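Structural characterization, general
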Amino acid sequence: MNEATAERSTWTMPLCFLVTVLEGYDLQIISSAGPVLQNVMNLSQAQIGVFLSATLIGLGIGAVIGGWAADWAGRKPVVIASIVALGLFTFGTALSTSYEMVVLTRILAGVGLGGAMPTLIATMAETSAAARTTSAVTTVIVGQPLGGILSGIVGRTLVVNYGWQSLFTVGGILTVLTIPLLIRYLPETLTKGRHRNGAKLASWQALFGGGRAGSTVLLWIAFILTLALLSVLLGWTPLLVRGMGYPVRLGIDAIIAINLGGVAGGLCASRMIDRLGVRGPMLVLYALIVVGLIVLSQAKSPSGVMVAAFLVGIGTLGGQFTLYGIAPRLYPRAGRGAGVGTAVALGRFGSVFAPVIVGLALGQGAGAASAIVTMIPVAVIAGLALYGLSIVGAGALGRQEAEDG
């Protein structure tokens, strides 16, 4: 390894971490902007649901395009092009003058964001030791809740004085500043030789060949349901908390608590998975989602809301982060971008409808507590899918799962 290559390798984790911070900021700033936009543009609950889903629509499209393109063209160019698109359309949101423009620019920014994430996950998996893949990827992905915390701080301090546009202006500036670092230091982990040899594998064979069909389907189910939960919680929490009779400020604080719980859950669970296998740690995470949702639906005080939000964050965000860490272990290198990208894309497409459904339900008179309770079966089914994956995918996930079987 020459000096330039070693330098780029040293920068891999910090750069991937930085991009996930941007993702967390971009995904969760909409929850801070939602109540303000609702007042400024006189939006209905259903329109807010579409606004909250717009970025997720783009994420799904971008994850498919980016994941598959990364297996053909290489990791680095896909990441850079994706981040350029994210920065451009985040500024576009800040300049939007109508609800339709806001939704359109959010979709296009999501395409950029979606293209970057599966590619970065593949890059981290390919630059980390096999025994520490889950914890390495998860360590990078916990940048997402830190970005969410940043969005909460910005949402509390800037929006009152500078309007909702300031939230997206800050995001655009942070994204643009990242681009030169990616160009200079991000390594390319998929060489042209590997690309040519593995091109045919980066297709349906990567997803379903070699006995991977069952693992792929169960992974998709887990992604779809977990990201559906996540999109509702991160998008609707401020409005749901307000619907329970609390001020919007407590809802933004609850978003911060969810993200802090996600950091703790992701870091702890990923290290336990590398040591003990997938099954036990993931079942604990999804059990905590159920407990947290029950507590949140019955919360009678601000402190109860915050405790419940922290528990839900441990389970939901922790579950999502470790899913990102598990997914690349299921696929061969030549098809890893496609495998991870397709799972992320289906998860995002599935989660698009969750905020819209909640918005429609609230528009029909459903209470906030009822909306929260309806998420409990989703968490249970997602946990069962992960349990099945720990059995069906035991060979790919590691010898310890096979021994547990």
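The structure reproduced in this document is the subject of the present report. The shown structure was predicted, so the numbers you read here are calculated from the model rather than taken from an experiment. (Residues numbered from 1 in each chain as written. Predicted model: local features only at pLDDT ≥ 70, side-chain atom pairs only at ≥ 80, totals over all residues. Heavy atoms only, no water.)

Observations regarding helix α14 (residues 302-326)
What counts is decided by this rule: Helix numbers and strand numbers start at the N terminus; a helix is a DSSP run of H or I with at least 4 residues, a strand a run of E with at least 2. A helix is expected to span 1.5 Å for every residue after the first. The angle between axes fitted to the seven-residue stretch ending at a residue and the seven-residue stretch beginning at it gives the bend at that residue. Residue exposure (1.4 Å probe, protein chains only): buried if accessible area is under 20% of the type maximum, exposed if over 50%, otherwise partly exposed.
Taking 1.5 Å per residue as the helical rise, α14 with its 25 residues ought to reach 36 Å, and the 35 Å between its terminal C-alpha atoms agrees with that figure. Gly 313 marks the point of greatest bend in α14, at about 25 degrees. Summarising burial for α14: 20 of the 25 residues are buried, a large majority.

Describing the environment of Ile 29
What counts is decided by this rule: Any two residues having at least one pair of non-hydrogen atoms within 4.5 Å are treated as being in contact.
Here Ile 29 shows up in helix α1 (residues 3-40). Residue class for Ile 29 comes out buried when judged on its relative accessible area of 1%. Apart from the residues lying within four places of it in its own chain, the contact partners of Ile 29 are Ser 151, Leu 167 and Phe 168.

Regarding the pattern of salt bridges
Side chains that differ in sign of charge can pair as their charged atoms come close. Put simply, the rule is: Salt bridges are counted wherever a side-chain nitrogen of Lys or Arg sits within 4 Å of a carboxyl oxygen of Asp or Glu.
One pass over the full model with this rule turns up 1 salt bridge. The shortest N-O distance in the salt bridge between Asp 26 and Arg 106 comes to 2.9 Å. Of this pair, Asp 26 sits in helix α1 while Arg 106 sits in helix α4 (residues 99-127), and the two are 80 residues apart along the sequence.

Remarks on empty space enclosed by the protein
Empty space left among the atoms is revealed by rolling a probe the size of a water molecule over them. Formally: Residues are called lining when one of their atoms sits within 4 Å of a cavity or pocket point, these points coming from a 1 Å grid over the protein atoms alone, where a cavity is a set in which a 1.4 Å probe fits but cannot get out and a pocket is an open set with protein on both sides within 12 Å along at least five of seven lines. Grid points are joined across faces, edges and corners, and a volume is the space filled by probe spheres set on the points. Just so you know the grouping, Ala, Val, Leu, Ile, Met, Phe, Trp, Tyr, Cys and Pro go in nonpolar, Asp, Glu, Lys and Arg go in charged, and all remaining residues, Gly too, go in polar.
On inspection of all chains with the given rule, the structure shows 2 cavities of 30 Å³ or more. When its volume is computed, the largest cavity comes out at roughly 110 Å³. As for the largest cavity, its lining consists of 11 residues, and the residues nearest its centre are Leu 27, Leu 56, Leu 230, Ser 231 and Leu 234. Only α1, α2 (45-73), α11 (213-243) and α15 (336-363) provide two or more residues apiece to the lining of the largest cavity. In terms of residues, the lining of the largest cavity owes the most to one element, α11, which gives 5 residues. Across the lining of the largest cavity, the residue classes break down as 8 nonpolar, 2 polar and 1 charged. Computed from the structure, the second largest cavity encloses a volume of approximately 50 Å³. Forming the boundary of the second largest cavity are Leu 233, Thr 237, Leu 240, Val 241, Met 244, Leu 296, Ile 372 and Met 375. Considering every element that reaches the lining of the second largest cavity, the biggest residue donor is α11, with 4 residues. Split into classes, the residues belonging to the lining of the second largest cavity amount to 7 nonpolar, 1 polar and no charged.

Examining helix α6 (residues 143-157)
Between the first and last C-alpha of α6 there are 21 Å, a value that for 15 residues agrees with the 21 Å anticipated at 1.5 Å per step. The set of residues buried in α6 consists of Gly 143, Gln 144, Pro 145, Gly 147, Gly 148, Ile 149, Ser 151, Gly 152, Val 154 and Gly 155.

Description of the packing of α11 against helix α12 (residues 248-276)
For clarity, the cut-off: Orientation is described by lines fitted to C-alpha atoms, with helices fitted over the stretch in contact, and by angles between N-to-C directions that extend from 0 to 180 degrees. Crossings are sorted by hand: turned counterclockwise from the far helix by less than a right angle, the near helix makes the crossing left-handed, and turned clockwise it makes it right-handed.
One way to put it is that α11 packs onto α12 with a least axis distance of 7 Å and a crossing angle of 145 degrees. α12 is crossed by α11, and the crossing has right-handed handedness. On α12, the residues touching Leu 233, Leu 234, Thr 237, Pro 238, Val 241 and Arg 242 of α11 are Val 248, Leu 250, Gly 251, Ile 252, Ala 254, Ile 255 and Ile 258. Along the lines of polarity and charge, the residues of the contact of α11 with α12 split into 10 nonpolar, 2 polar and 1 charged.

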